[in-house]
Amino acid sequence: MKVLKFGAVWCNACLVMRPRWKEIEAEYPKLQTEYFDFDTDVDAVRAYGIDRTLPTFVFLDDNGKEFLRLNGEIAKEKLVDIIRERMGDV
Amino acid sequence: MKWIYAFAITAVAMIVGAAPVRAADVRAYFFYGDGCPHCAKEQYFLETLKDRHPSLSVYEFEVYNHPENVERLIKTAEALRIVVDGVPFLVIGDQMFSGYAPGTTDRAIEQRVETCKASACPDSIAQILGVAAPRPLGSPSPGNGDAVSGMLRDALLETPEETAGADLPVVPDAGSASSAGGVASSFTVPIIGSFDARSISLPFLTVVMGLLDGFNPCAMWTLLFLISLLLGMGDRRKMWILGGAFIAASSAVYLLFMVAWLKLILFLGFITWIRIAIGGVALVGGAYSIRSFFTNRDGGCEVVGEEGRRKTFERMRSIVRQGNLWFALGGIIALAFAVNTVELVCSAGFPAVYTQVLALRNLVAWQYGAYILLYIFFFMLDDLFVFVVTMATLEMTGVTTRYVRASRMIGGLLLTAIGLILIFKPAWLMF
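Residues numbered from 1 in each chain as written. Chains lettered and ligands numbered in written order. Predicted model: local features only at pLDDT ≥ 70, side-chain atom pairs only at ≥ 80, totals over all residues. Heavy atoms only, no water.

## What to know about the overall build of chain A
And step 1. Counting its secondary structure elements, chain A contains 3 helices and 5 strands.
And step 2. Along the chain direction, N to C, the helices and strands of chain A fall in the order β-α-β-α-β-β-β-α.
And step 3. The buried share of chain A, reckoned over its 90 residues, is 50%.
And step 4. When contacts within chain A are restricted to residue pairs at least 6 apart in sequence, long-range pairs at least 24 apart make up 63% of them.
And step 5. Accessible area for chain A stands at about 4,600 Å²; split by element, carbon and sulfur atoms hold 45% of it. (Helix = DSSP H or I, 4+ residues; strand = E, 2+ residues; numbered from the N terminus. Buried < 20%, exposed > 50% of the residue type's maximum accessible area, 1.4 Å probe, protein only. Contact = heavy atoms within 4.5 Å. Areas by Shrake-Rupley, 256 points an atom, 1.4 Å probe, with all protein chains shown as cover.)

Here is the structure:
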């Protein structure tokens, strides 16, 4: 499972999400994440059609297929639930 | 004997019939205009006066929107043999009070009420106004009130709006509704319950509106981008200077805009269509905010105006990279002015609406300045928090957007309420 995180330095909600993901990444070391900046990583932004709201979190399964997309400020508990459901207690 | 009884009854009837208003019954006839600040102040004073003197009855006549009340005012002036050229205009026991100056007029009015309570005063205009049976005509007392506006009388007659009820507008109790244009400050809001508009203090309104305006996310994106650039500089002194200059310049733009707007409103006076237009802006802004509450449920940052944002970022980058601090400082200040001037549109009319509310309060110059500064302080509070915390920790910090959505709904409802009040009941905002 992999999570693609789309954000921007000028986006307040993206800054709020930074420490939350940092904690999750420390708690789930097997979880793969990748950050894309909305203003600089234009190709990835276009490829995933990020054109409405930031931050956007795209959840990919082991085959690289998107199974969930979340926008905005998300509670850490909700993210953890999704990760546990997919990966189990790792 | 019969003729003795008949004589006695006739004599008593004549005495009673000729008697002026009984000592305990004092009537005040108050002519006012909806939207006139002096009228609103006097109206408020009269309601407090009624609390102190329960025997006082205040009959209200709104003249801006009710031509028939203008006719009543003209007839009153003719009966008292005086010239009326403005409102507020009050008559108690055939003594008139034109204009209203707190500290002088209110004392004179109360004194007149006490005099009329102690010894009956003549009340020659009751019949003209259709309040009660004719009273003996007393000698008119011209008074010495100052006129609010020499053009007012003509202007009053240029508003041929429908009459909202044929009953005479009497205000028996403070806060209760009156007909035909009488102003009621008390109303019921679903869920919240009974609510008195006059209980809203201006400092409270200033803090709430400043905070809600500050929650507007588009006011913060440039600061966040600047902070991200400053963090890469490594020079803490320069970071504080440039970031602080940006915040100060952003505040200055708001200050200049609000002061200019306030001056414009005060200069133009209380022209009805301007007040209604600003009320319309508030309604549109309120509707936009409420719409945002439903459309942006996740509280994220909306991706709009990419091209403009990229250009701003490029300019900001080149400014921050300036080797010369003074050039960088000048560039940051200029950029703050440019960006914030454009972003004023994004504020959904909050500053314009607030300054209109402020103008209606009829304050002195320093009070206007103090309120605008208070508003700007609370408007900038979240920016200050983010900047100071980031500079102290050297890590970019965001303010949770959990309350942004709620602030949209609250702000939307507040703007809608103020818009409606500005259009229909501006007197509620004049205390």
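## Some details on the interface of chain B and chain A
And step 1. Counting residues at the interface gives 24 residues for chain B and 19 residues for chain A.
And step 2. Surface buried jointly by chain B and chain A totals about 1,800 Å² across both partners, of which 57% is contributed by carbon and sulfur atoms.
And step 3. Its largest share of buried area at the contact with chain A, chain B owes to Asp 298, Cys 301 and Val 303 of chain B, together 31% of the area lost on that side.
And step 4. Sorting the residues of the side of chain B that touches chain A by element identifies α8 (221–231), β8 (301–302) and α11 (306–320) of chain B as the ones contributing at least two each.
And step 5. Taken together, the residues of the side of chain B that touches chain A sort by class into 9 nonpolar, 8 polar and 7 charged. (Buried area = accessible area lost by both parts, 1.4 Å probe. Nonpolar A, V, L, I, M, F, W, Y, C, P; charged D, E, K, R; others polar.)

## Quick look at the pattern of salt bridges
And step 1. Under the definition given, this model contains 10 salt bridges over all chains.
And step 2. The salt bridge partner of Lys 5 of chain A is Glu 25 of chain A, with a shortest N-O separation of 2.7 Å. Of this pair, Lys 5 of chain A sits in strand β1 (residues 2–7) while Glu 25 of chain A sits in helix α1 (residues 12–27), and the two are 20 residues apart along the sequence.
And step 3. Note on Lys 5 of chain A: relative accessible area 11%, which makes it buried.
And step 4. The shortest N-O distance in the salt bridge between Glu 314 of chain B and Arg 317 of chain B comes to 2.8 Å. On the criterion of helical spacing, the pair formed by Glu 314 of chain B and Arg 317 of chain B is a turn pair, its members being 3 residues apart in helix α11.
And step 5. Ionic contacts of the salt-bridge type, sharing partners, join the residues Glu 23, Glu 27 and Lys 76 of chain A into one network. (Salt bridge = Lys/Arg side-chain N within 4 Å of Asp/Glu carboxyl O.)

## Observations regarding the state of the cysteines
All names here are of chain B.
And step 1. Evaluation of the coordinates by the stated rule reveals 1 disulfide over all chains.
And step 2. Between the sulfur of Cys 116 and that of Cys 121 lies a disulfide, 2.1 Å long from S to S. Here the S-S torsion is close to -100°, and the disulfide linking Cys 116 with Cys 121 is therefore left-handed. With respect to class, Cys 116 is no different from Cys 121; both count as buried. (Disulfide = S-S within 2.5 Å.)

## A closer look at the sheet that holds strand β2 (residues 32–37) of chain A
Residues and elements named next belong to chain A.
And step 1. In space, the 4 strands of this open sheet follow the order β2-β1-β4-β5, with mixed pairing throughout. Where the open sheet ends on each side, the last strands, each with one partner, are β2 and β5 (66–71). Neighbour-to-neighbour, the strand axes of this sheet turn through a mean angle of 15°, independent of strand direction.
And step 2. The pairing of strand β4 (residues 56–60) with β5 spans 5 bridges and is classified as antiparallel. Pairing of Phe 57 across the sheet is with Leu 70, part of β5.
And step 3. Across the sheet, α1 is in contact with β1, β2 and β4; its angle to β1 comes to roughly 160°.
And step 4. Sitting on the sheet, helix α3 (residues 76–87) touches β4 and β5, and the angle it makes with β5 is about 175°. (Pairing = 2+ DSSP bridges. Axes fitted to C-alpha atoms, helices over the stretch in contact; angles between N-to-C directions.)

## Focus: unusual backbone geometry
And step 1. Here the bond from Leu 54 of chain A into Pro 55 of chain A is cis, since omega is -10°, no more than 30 degrees from zero.
And step 2. At Arg 81 of chain B, a position not held by glycine, the phi torsion is positive, near 60°.
And step 3. You can see Arg 81 of chain B is positioned in the loop between α3 (67–80) and β3 (89–92).
And step 4. With phi around 65°, Asp 94 of chain B is a residue other than glycine that occupies positive phi space.
And step 5. With respect to the helices and strands, Asp 94 of chain B occurs in the loop between β3 and β4 (95–98).

## Regarding the confidence of the model for chain B
Residue and element names in this part refer to chain B.
And step 1. On average, residues of chain B score 74 in pLDDT, and 74% of them reach the 70 mark or higher.
And step 2. Considering only residues more than four positions removed or in separate chains, one finds that residues 7–23, a stretch of pLDDT under 50, has 13 contacts.
And step 3. Note that residues 133–187 has pLDDT below 50 and, in this model, 131 contacts with residues that lie over four places away or in other chains.
And step 4. For this predicted complex, the interface confidence reaches an ipTM of 0.76, while the overall pTM sits at 0.58. (pLDDT = per-residue confidence, 0-100.)

## Some words on the environment of His 53 of chain B
Residues and elements named next belong to chain B.
And step 1. Structurally, His 53 can be placed in the loop between α2 (37–52) and β2 (56–62).
And step 2. Overall, His 53 belongs to the buried group, its relative accessible area being 6%.
And step 3. Reaching out from His 53, the side chain makes a polar contact with the side chain of Glu 110 at a distance of 3.0 Å. (Polar contact = N/O pair within 3.5 Å; in protein donor to acceptor, adjacent residues only side chain to side chain.)

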